[in-house]
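Chain by chain, the residues:
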Amino acid sequence: MDALLDLLRGTVTSPWVYLVIFGLTAVDAFFPAVPGEAAVITAGVLAADGGHPDLVLVIVSAAVGALVGDHVSYAIGRGGGARRLARLPVGSRRRTSSEWARRAVDRRGGIILTTSRYVPGGRTAVTLTMGAVRYPRRAFLLYDGIGTVTWAVYCGLLGYFGGLAFERDPAKGVLVGVGLAVVVTFGLEGIRWLRRRAHGRAASRR
């Protein structure tokens with residue numbers, strides 16, 4: 001976290017900061033180990049401390065980067081993703097995420113794409129699966145645009161208000177912002193799990 005804070009702080013007064021945010025959020029879309037969400041929250045915290053970087057540009061950079069990255073993931077899925085998904089070990093976390101994504105795409109299509117950004121591992125699994133099943137490109141662009149914009153606004157404002165609350169200690173603002181993002185993410189995942197469990201019980205009683 002400190003390294004990420006130092007990286008963005010070192011370029012905070014330069015236009016390069018927006019390129020860093022764009023790059024991290026783009027790569028994070030198909031390689032989740034990259035801290036794209038943390039980068040946006042961190043930039044939002046720094047935006048509250050003196051107005052640099054500009055919050056609006058942070059949000060725009062994050063949204064465009066995420067949109068581009070999701071389309072790369074979609075293209076990977078179209079270019080043989082179905083075969084790769086089929087070769088994933090049964091019972092593995094990636095296989096479980098992929099199977100969940102395929103079922104979700106079949107049932108709710110674009111709606112699940114707009115919400116998958118808040119599910120751990122869900123975004124990459126959904127975009128790969130949509131490419132593999134040849135989900136229509138125009139519909140993908142529409143729903144993904146809605147998802148990436150709302151996600152970027154959410155992360156940017158989360159960091160910004162965290163920065164305002166901890167103006168004298170930006171590191172705490174980053175930790176609070178990332179912590180809240182984690183709580184919201186796992187809260188949504190918990191709700192999804194409870195709903196799935198409730199549906200399973202209802203089905204077993206029939």
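Bear in mind the structure is a predicted one, so any value in this text is a computation, not a measurement. (Residues numbered from 1 in each chain as written. Predicted model: local features only at pLDDT ≥ 70, side-chain atom pairs only at ≥ 80, totals over all residues. Heavy atoms only, no water.)

A. Seen up close, the overall build of the protein chain. Summing up its helical and strand segments, the protein chain has 9 helices and 0 strands in all. Tracing the protein chain from N to C terminus, the helices and strands come up as α-α-α-α-α-α-α-α-α. A buried classification covers 45% of the 206 residues belonging to the protein chain. Once local pairs closer than 6 in sequence are excluded, the contacts in the protein chain between residues at least 24 apart make up 74%. As displayed, the protein chain offers around 10900 Å² of accessible surface, 64% of which is attributable to carbon and sulfur atoms. (Helix = DSSP H or I, 4+ residues; strand = E, 2+ residues; numbered from the N terminus. Buried < 20%, exposed > 50% of the residue type's maximum accessible area, 1.4 Å probe, protein only. Contact = heavy atoms within 4.5 Å. Areas by Shrake-Rupley, 256 points an atom, 1.4 Å probe, with all protein chains shown as cover.)

B. Seen up close, the nonpolar core. In this structure, Ile21, Val40, Val58, Ala62, Trp151, Ala152 and Cys155 are the most contacted members of the largest nonpolar core, which totals 18 residues. Secondary-structure elements contributing two or more residues to this core are helix 2 (16-30), helix 3 (36-47), helix 4 (55-86) and helix 8 (137-165). Per-element accounting of this core gives the leading share, 6 residues, to helix 4. Tyr74, Val105, Leu113 and Tyr135 belong to the second largest nonpolar core, which has 8 residues in total. (Core = buried A, V, L, I, M, F, W, Y, C linked by side-chain atoms within 4.5 Å.)

C. Inspection of the packing of aromatic side chains at higher detail. Summed over all chains, the structure comprises 2 aromatic pairs. Taking the centre distance of 4.5 Å and the plane angle of 35 degrees together, the rings of tyrosine 74 and phenylalanine 140 count as tilted. Of this pair, tyrosine 74 sits in helix 4 while phenylalanine 140 sits in helix 8, and the two are 66 residues apart along the sequence. The buried category is assigned to phenylalanine 140, whose relative accessible area is 1%. (Phe/Tyr/Trp six-rings, centres within 6.5 Å; stacked < 30°, edge-to-face > 60°.)

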